[in-house]
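# Observations on the three-dimensional arrangement
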Amino acid sequence: VFYIIEIFVMADIVGEANQFKQDVMNGNLSVADQRLQKLKVALLELDSLPPISMETAHAAAERELARDIYEHAVVLAIKNADKYSFQSYISMLRPYYTGLRNSLPASNITCSIVGLQLLYLLVENQLSEFHSELELLTEEQLEHPSIAFCTQLDQHLMMGSYDQVMQAAAHPPVDLYTFFLTSLSETVRINICECVMVSYKTLSLEAAREMLMFNSCEETLKFLESKYPELEVSDGVITMRSQKTAKSAEEKKSQKLIYQTLSYAAELERIV
């Protein structure tokens, strides 16, 4: 049986895919984007790929090739800071990570890609989806450092151990995780700030630095100015917002804590 492909013959797809992966890893993002668009069109001509999934003579090799392309497309989306494309390519990978998992050998970045998806769900507070994804993984995958990092992070968040969250965020097992961990770190610091502002009338900048786990007072001041411009900082002392505003913040914080607690309780009940 001969496969007639209008845009590429199979050898061309393999060659273009290798160039694409190299461009992604080397940071040639605009070139990689162009190659990816061509590859996506070419892959449409392969009947062995989902959703058709026809068992052709070269199905195994073609599926592995497509899986590798989509995995690197996820990496490209992260490097482009494109959450929409990230989710799109994660969806394209799903059949390769579920139904076709037993017939495809894992690549050297498969666990990192799975970890990125878990981290995304965790940062977005999609806890049910996070634990549902965990249930689909093998014991070997769960023990992989890239995935174990995400489960440990979830435990720290459930316990309210913000210092452990920040320490973990500062030392991810995969550099690509930084994209989502930056958002998580900011969320943690905002939660700390909201608690501090209803607990103190004034606070030294140095004390705020320690609480927010910044390396310098300059970083602390920059964060406060961007998130809470209404705060007054003079001679190294922060003056908190008015009592009325503080009460509003306290109510907002309480509502958020109630929502998070109920979310975790519902999730634990579902698991048990």
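Within each chain, residue numbers correspond to sequence positions counted from 1 in written order. Reporting in this predicted model follows two pLDDT cut-offs: at least 70 for local features of residues, and 80 or more for side-chain atom pairs to be given and counted; totals over whole chains, interfaces and linings ignore these cut-offs and use all residues. The side-chain figures draw on all heavy atoms in the structure; neither hydrogens nor water molecules are used.

Another point: the overall build of the protein. In terms of helices and strands, the protein carries 13 helices and three strands. Exposure is judged per residue with a 1.4 Å probe applied to protein chains only, and the accessible area is read against the type maximum: over 50% gives exposed, under 20% gives buried, and values in between give partly exposed. Classification of the 272 residues of the protein by burial places 42% in the buried group. Contacts: residue pairs with any heavy atoms within 4.5 Å of one another. Within the protein, residue pairs in contact and separated by at least 24 positions form 64% of the contacts whose partners lie at least 6 positions apart. Each helix is a run of DSSP H or I of at least 4 residues and each strand a run of E of at least 2, with the numbering of both proceeding from the N terminus.

Moving on: the packing of aromatic side chains. Centre distance within 6.5 Å is the pairing criterion for rings of Phe, Tyr and Trp, where only the six-membered ring of Trp is used; planes under 30 degrees apart are then read as stacked, over 60 as edge-to-face, and the remainder as tilted. In this structure the tally under the stated criterion is seven aromatic pairs. Ring plane angle 65 degrees and centroid distance 5.2 Å describe the contact between Phe86 and Phe180, whose orientation is recorded as edge-to-face. Residue Phe86 is located in helix 4 (residues 83-97), and its partner Phe180 is located in helix 10 (residues 178-197); the two are separated by 94 residues in the primary sequence. On the accessibility criterion, Phe180 (1% relative accessible area) is buried. Taken together, the ring pairs connect Phe86, Tyr120, Phe179 and Phe180 into an aromatic cluster. Only Lys NZ and Arg CZ are tested; either one counts as a charge over a ring when it is within 6 Å of the ring centre and within 35 degrees of the ring normal. Lying across the ring of Phe214, Arg189 places its NZ or CZ 3.8 Å from the centre.

Another point: the environment of Phe130. Looking at the secondary structure, you find Phe130 in helix 6 (residues 127-135). A C-alpha to C-alpha distance of 5.8 Å links Phe130 and Leu118, two positions 12 residues apart in sequence. Not counting residues up to four positions away in its chain, the partners in contact with Phe130 are Leu118, Leu121, Leu122, Cys150, Thr151 and Asp154.

Looking now at the nonpolar core. The definition of a nonpolar core used throughout is a set of buried Ala, Val, Leu, Ile, Met, Phe, Trp, Tyr and Cys residues joined through side-chain atoms within 4.5 Å. Core analysis: the largest hydrophobic core is formed by 75 residues, its most contacted members being Phe20, Phe86, Ile113, Leu116, Leu153 and Leu224. If sequence neighbours within four positions are ignored, Phe86 has contacts with Val74, Ala77, Ile78, Leu116, Gln117, Tyr120 and Phe180.

Bringing the packing of helix 9 (residues 162-170) against helix 10 into the picture now. Each pair of packed helices gets described by two things: the angle between the helix axes and the distance between those axes. The contact between helix 9 and helix 10 brings their axes to 10 Å, and the two run at 155 degrees. Looking at the two axes, helix 9 sits roughly antiparallel to helix 10. You can see that helix 9 and helix 10 cross each other, and the crossing is left-handed. For the pair helix 9 and helix 10, the contacting residues are Tyr162, Val165, Met166 and Ala169 in the first and Leu181, Leu184, Ser185, Val188, Arg189, Asn191 and Ile192 in the second. Axis lines are fitted to C-alpha atoms, over the contacting stretch for helices. Their N-to-C directions set the angle, which ranges from 0 to 180 degrees. Angles are sorted into four bins: roughly parallel if under 35 degrees, roughly antiparallel if over 145, roughly perpendicular if 65 to 115, and oblique for all others. Working rule for handedness: look at the near helix, and if it is turned counterclockwise from the far one by less than a right angle, call the crossing left-handed; if clockwise, right-handed.

Attention now goes to the pattern of salt bridges. Any carboxyl oxygen of Asp or Glu within 4 Å of a side-chain nitrogen of Lys or Arg constitutes a salt bridge here. According to the stated counting rule, one finds nine salt bridges in the structure shown. Glu55 is the partner of Arg63 in a salt bridge, and the nearest nitrogen-oxygen pair spans 3.1 Å. In this structure, the salt-bridge partner of Asp68 is Arg67, at a minimum N-O distance of 3.0 Å. Look at Asp68 and you get buried, because its relative accessible area is 15%. Residues joined by salt bridges that share partners form a network here, namely Glu16, Asp23 and Arg35.

It is worth spelling out helix 5 (residues 110-123) at this point. An ideal rise of 1.5 Å per residue puts 20 Å on 14 residues; helix 5 measures up with 20 Å between its terminal C-alpha atoms. Extensive coverage of helix 5 is indicated by the burial of 14 of its 14 residues. The first or second residue beyond helix 5 is Asn125, which carries a positive phi of 60 degrees. Given a helix with a known number of residues, its expected span is that number minus one, times 1.5 Å.

A score from 0 to 100, pLDDT tells how confident the predictor is in each residue. With 85% of its residues at a pLDDT of 70 or more, the protein shows a mean pLDDT of 87. For residues 243-247, every residue scores under 50 in pLDDT, and the model assigns this stretch three contacts once sequence neighbours within four places are set aside.

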